[in-house]
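One letter stands for each residue in the lines below.
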Amino acid sequence: MITELAVERVEFTCGHCWFTWSVDYDVQAYRDDNGAEWEYFTRDGEGVPSPYDPQGAPPCPHCGRHWVGRLAARRPIPVAASVADAPRRNITGLADHRADRHSAPLLGATSHQQPEQPAPTNS
């Protein structure tokens, strides 16, 4: 059972070259039949390991080393309720399926404004 959906912006700072970047992950929290809680991360529609764990840390786009991310911001997405008066749209036929959403461009994980890089120092 899905218990929470969210978009999490994860910020990374390379400990080698100090390059800073951020990536948006879709996060799904769910509870299995045994009551265990799980998190599932996707980036641009592909399942990926947690960016908060060393084995899931992406490479630095500048030097290629891997660094664990930190949560910079998040946007919860309400899980649909079964309340009869909740705002919703009944899909009754093919015309109601909004076919345009299948051809819309992907909102990429790094398509947002990236963090400013510090100016190089002359030391």
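Remember, predicted model here, so these are calculated numbers, not experimental data. (Residues numbered from 1 in each chain as written. Predicted model: local features only at pLDDT ≥ 70, side-chain atom pairs only at ≥ 80, totals over all residues. Heavy atoms only, no water.)

Participant: Explain the overall build of the protein here, please?
Facilitator: A tally of helices and strands in the protein yields one helix and five strands. In the protein, the succession of helices and strands from N to C terminus is β-β-β-β-β-α. With 123 residues in all, the protein has 22% of them scored as buried. Taking as baseline every contact in the protein between residues at least 6 positions apart, the subset at least 24 positions apart corresponds to 51%. As displayed, the protein has an accessible area near 9,200 Å², and 54% of this comes from carbon and sulfur atoms. (Helix = DSSP H or I, 4+ residues; strand = E, 2+ residues; numbered from the N terminus. Buried < 20%, exposed > 50% of the residue type's maximum accessible area, 1.4 Å probe, protein only. Contact = heavy atoms within 4.5 Å. Areas by Shrake-Rupley, 256 points an atom, 1.4 Å probe, with all protein chains shown as cover.)

Participant: How do you make sense of the packing of aromatic side chains when you look at a structure like this?
Facilitator: This model, assessed by the stated rule, comprises four aromatic pairs. Here the aromatic rings of phenylalanine 12 and tryptophan 21 are separated by 5.1 Å at their centres, their planes lie at 20 degrees, and the arrangement is stacked. Here phenylalanine 12 falls in the buried class, since its relative accessible area comes to 0%. In this structure tryptophan 21 comes out as buried when scored by relative accessible area, which is 5%. Members of the aromatic cluster, connected to one another through ring pairs, are Phe12, Phe19 and Trp21. (Phe/Tyr/Trp six-rings, centres within 6.5 Å; stacked < 30°, edge-to-face > 60°.)

Participant: What am I meant to see in unusual backbone geometry here?
Facilitator: Backbone phi values are negative for most residues with the exception of glycine, while trans is the configuration of most peptide bonds. Despite not being glycine, tryptophan 18 has its phi angle at roughly 70 degrees, a positive value. By the element assignment, tryptophan 18 lies in the loop between β1 (2–13) and β2 (20–31). On the accessibility criterion, tryptophan 18 (55% relative accessible area) is exposed. The residue aspartate 44 is not glycine, and still its phi comes out positive at about 50 degrees.

Participant: Where do I start with the environment of arginine 43 in this structure?
Facilitator: Along the polypeptide, arginine 43 turns up in strand β3 (residues 37–43). Measuring from C-alpha to C-alpha, the distance between arginine 43 and aspartate 26 comes to 6.4 Å, with 17 residues separating the pair along the chain. Residues within four places of arginine 43 in sequence aside, it is in contact with Val23, Asp24, Tyr25, Val48, Pro58, Ala109 and Thr110.

Participant: Any chance you could explain the nonpolar core here in plain terms?
Facilitator: It is characteristic of soluble globular proteins that their nonpolar side chains tend to be buried jointly. In terms of nonpolar packing, the biggest core is built from ten residues, these being Val10, Phe12, Cys14, Trp21, Val23, Tyr25, Val27, Phe41, Cys60 and Ala109. Put simply, the parts of the chain that give this core at least two residues each are β1 and β2. Among the elements that take part in this core, β2 stands out by supplying four residues, more than any other. Residues contacting valine 10, with those up to four places away along its chain left out, are Trp21, Ser22, Val23, Tyr25, Pro51, Tyr52, Gly69 and Arg70. (Core = buried A, V, L, I, M, F, W, Y, C linked by side-chain atoms within 4.5 Å.)

Participant: Sorry if this is basic, but what is going on with the environment of aspartate 44 here?
Facilitator: With respect to the secondary-structure elements, aspartate 44 resides in the loop between β3 and β4 (46–48). Spatially, the C-alpha atom of aspartate 44 lies 8.4 Å from that of aspartate 26, the residues being 18 residues apart in sequence. Residues contacting aspartate 44, with those up to four places away along its chain left out, are Leu106, Leu107, Gly108 and Ala109.

Participant: Just checking my understanding: could you explain the sheet that holds strand β5 (residues 70–77) for this structure?
Facilitator: Whether parallel or antiparallel, the strands of a sheet pair through hydrogen bonds between backbone atoms. Spatially, five strands are ordered β4-β3-β2-β1-β5 in an open sheet, and the strand pairing comes out antiparallel. Strands with a single pairing partner mark the edges of an open sheet, and in this sheet they are β4 and β5. Averaged over all pairs of adjacent strands, the angle between strand axes in this sheet comes to 35 degrees, irrespective of strand direction. Relative to β3, β2 runs antiparallel, the two being bridged by six bridges. Each bridged residue has a counterpart across the sheet, and for tyrosine 30 the counterpart in β3 is tryptophan 38. (Pairing = 2+ DSSP bridges. Axes fitted to C-alpha atoms, helices over the stretch in contact; angles between N-to-C directions.)

So yeah, pure geometry; function would need other evidence.
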